[in-house]
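Tertiary structure, described
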Amino acid sequence: MKHTDVREILQSAGWVGKEATVCGWVRTARDSKNMAFLALNDGTSLTHLQIVIDKNAGTALPAEAAKLGAAVKVVGTVVVNENNGTHEVNAKEIEVLGVCPPDYPLQKKFQKLETLREMPHIRVRTNTFNAVFRVRSVMAAAIHRFFQEKGFVYVNTPLITGSDCEGAGEMFQVTTIGYPEPGKYKNADEYYADDFFGKKAGLSVSGQLEGEGAAMALGKIYTFGPSFRAEKSNTVRHVAEFWHVEPEVAFAELPDVIELAEEMIKYIIRDYMEKCPEELKFFEQRFQPGLTEKLMNVLNNDFAIVDYTDAIELLKKADVEFQYPVEWGCDLQSEHERYITEQIYKKPVFLINYPKAIKSFYMKQNPDGKTVAATDLLVPGVGEIIGGSEREADLDKLLAAMNERGMRLDDYADYLDLRKYGSVPHGGFGLGFERAIMYVTGMENIRDVIFYPRTVGNIR
Ligand code: 4AD
Ligand code: MG
């Protein structure tokens, strides 16, 4: 259908005085005896395009075109509104493309985010989600550009896998067997042997293990795809299906991993601020006062780097009652992470050198025998958005760590090969894409930054 994007009509001076055809959905309609006004949105811009209907000039407004949510096509002349200087269209012809009956769920002006979550296919028509998804798209492009400009190779790691990267037992199983007849299989091994892949398979929680293999050949790689976690935690920052950005770099040690992460975060924030000023303003007004200043501070300051052991001391000295008590060796809870980044440092913090017992098997063991060269990036308002580490490049140390955890070495044969053939220091990290979007938009629930959130007990 030949037409012009609302975004272009609003932004380009060249359209003034010309006839244009625009299509969109009616966001508001005001109808009086002589004049009528429609606010039209086609999804290309957060701002609506005003359609002016002068009934005395002979333009007819079909009754169905003045209904909230109706889809219309308008032909008219682009003019400048004298009061506010924005472009609008003086309509000549209005055609209804699709009627919208009064049970359309967005009748009320303000709907709670919770209510909107019940209808992902409809909420995407609101200003909030228009802004969220445009920012998401711009950020995704920025991530690719960042890595491409630095010479990283984009690698697609498998989503169906036989090895659990994080070893946390959070893999969704992939099977075609379903419920077998009772007595059909004597044990699990028989069952899996009969299954589609001939062994137990699941949805990948991370592309890191395969990513390391790629980095041992291509040097610098990144993945950007979905990861799956069957975590039963019903929180504002966990979904069962999230998008994961995972760079992996050969010849990189922990400080290099940290430097890369900080550079990437700053790059994508700068790009977002430049490309989405309207959305940023919207989020600032509607969801997080001070958002712009917060992001400017991120751009203009170094992130903190804090040793886990020092962080524990700081938390112990804190004069707040944590729900979970703090001791060296404990895994940090969201409340601790947020205290460190929001109350103590008031900026993004890389926590480093965690106790090995609370981290994954593949992390490089530090000479102290107690900690590993791991880092989590904690940010105010969200908590952990990145988890990464230098990897254990020494075969014997890696085997020891895996044996300590009772892992099945057979499932990790490829991974172990990497330590046999030309092993080098290397490292990388995983960024939770949704958490990054929460951070830059101020949206407080991860369910509101992904189109169809998958969470425990919910698969609409
Ligand atoms: O800290 P995680 O578990 O680290 C890894 O998976 C490593 N293999 C990454 C690597 O070094 N290549 O996950 C990385 C990030 C977290 O910091 C978080 O932002 C995000 O992935 N994440 C989730 N986001 C939403 N919902 C969930 N259930 C998530 N689990 C992890
Ligand atoms: Mg983590």
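To keep things clear, this report deals only with the structure shown in the data block. All values derive from a computational prediction rather than experimental measurement.

Calculation notes
Residues numbered from 1 in each chain as written. Chains lettered and ligands numbered in written order. Predicted model: local features only at pLDDT ≥ 70, side-chain atom pairs only at ≥ 80, totals over all residues. Heavy atoms only, no water. Pairing = 2+ DSSP bridges. Helix = DSSP H or I, 4+ residues; strand = E, 2+ residues; numbered from the N terminus. Axes fitted to C-alpha atoms, helices over the stretch in contact; angles between N-to-C directions. Contact = heavy atoms within 4.5 Å. Core = buried A, V, L, I, M, F, W, Y, C linked by side-chain atoms within 4.5 Å. Buried < 20%, exposed > 50% of the residue type's maximum accessible area, 1.4 Å probe, protein only.

Turning to the sheet that holds strand β3 (residues 49–54), a few remarks are in order. If you walk around this closed barrel you meet the five strands as β1-β2-β3-β5-β4, and the pairing is mixed. Each strand of the sheet is rotated relative to its neighbour by a mean of 55°, with strand direction disregarded. Where strand β1 (residues 19–31) and strand β2 (residues 35–41) come together, six bridges link them in antiparallel fashion. Of the residues in β2, the one forming a bridge with threonine 28 is alanine 39.

A separate point is the pairing of strand β5 (residues 87–98). Alignment of β3 against β5, held across three bridges, turns out to be parallel. Bridge pairing links glutamine 50 to glutamate 88 in β5. Both strand β4 (residues 71–80) and β5 contribute to a ladder of 10 bridges, which runs antiparallel. Across the sheet, residue alanine 71 finds its bridge partner in β5, namely glycine 98.

Structurally, valine 382 can be placed in the loop between β13 (371–379) and β14 (383–390). With 64 residues separating them along the chain, valine 382 and isoleucine 446 place their C-alpha atoms 9.6 Å apart. Here valine 382 is in contact with Arg237, Glu342, Arg435, Met438 and Tyr439, once residues within four sequence places are set aside.

We now examine the nonpolar core. Counting 89 residues, the largest nonpolar core has Ile51, Tyr272 and Leu431 as the members making the most contacts within it. Setting aside its immediate chain neighbours within four residues, tyrosine 272 contacts Val135, Val138, Met139, Leu280, Phe283, Leu291, Leu295, Val440 and Thr441. Formed by 32 residues, the second largest nonpolar core is a distinct cluster that contains Val306, Ala311, Cys330 and Phe361.

This is a description of form; function is not addressed.
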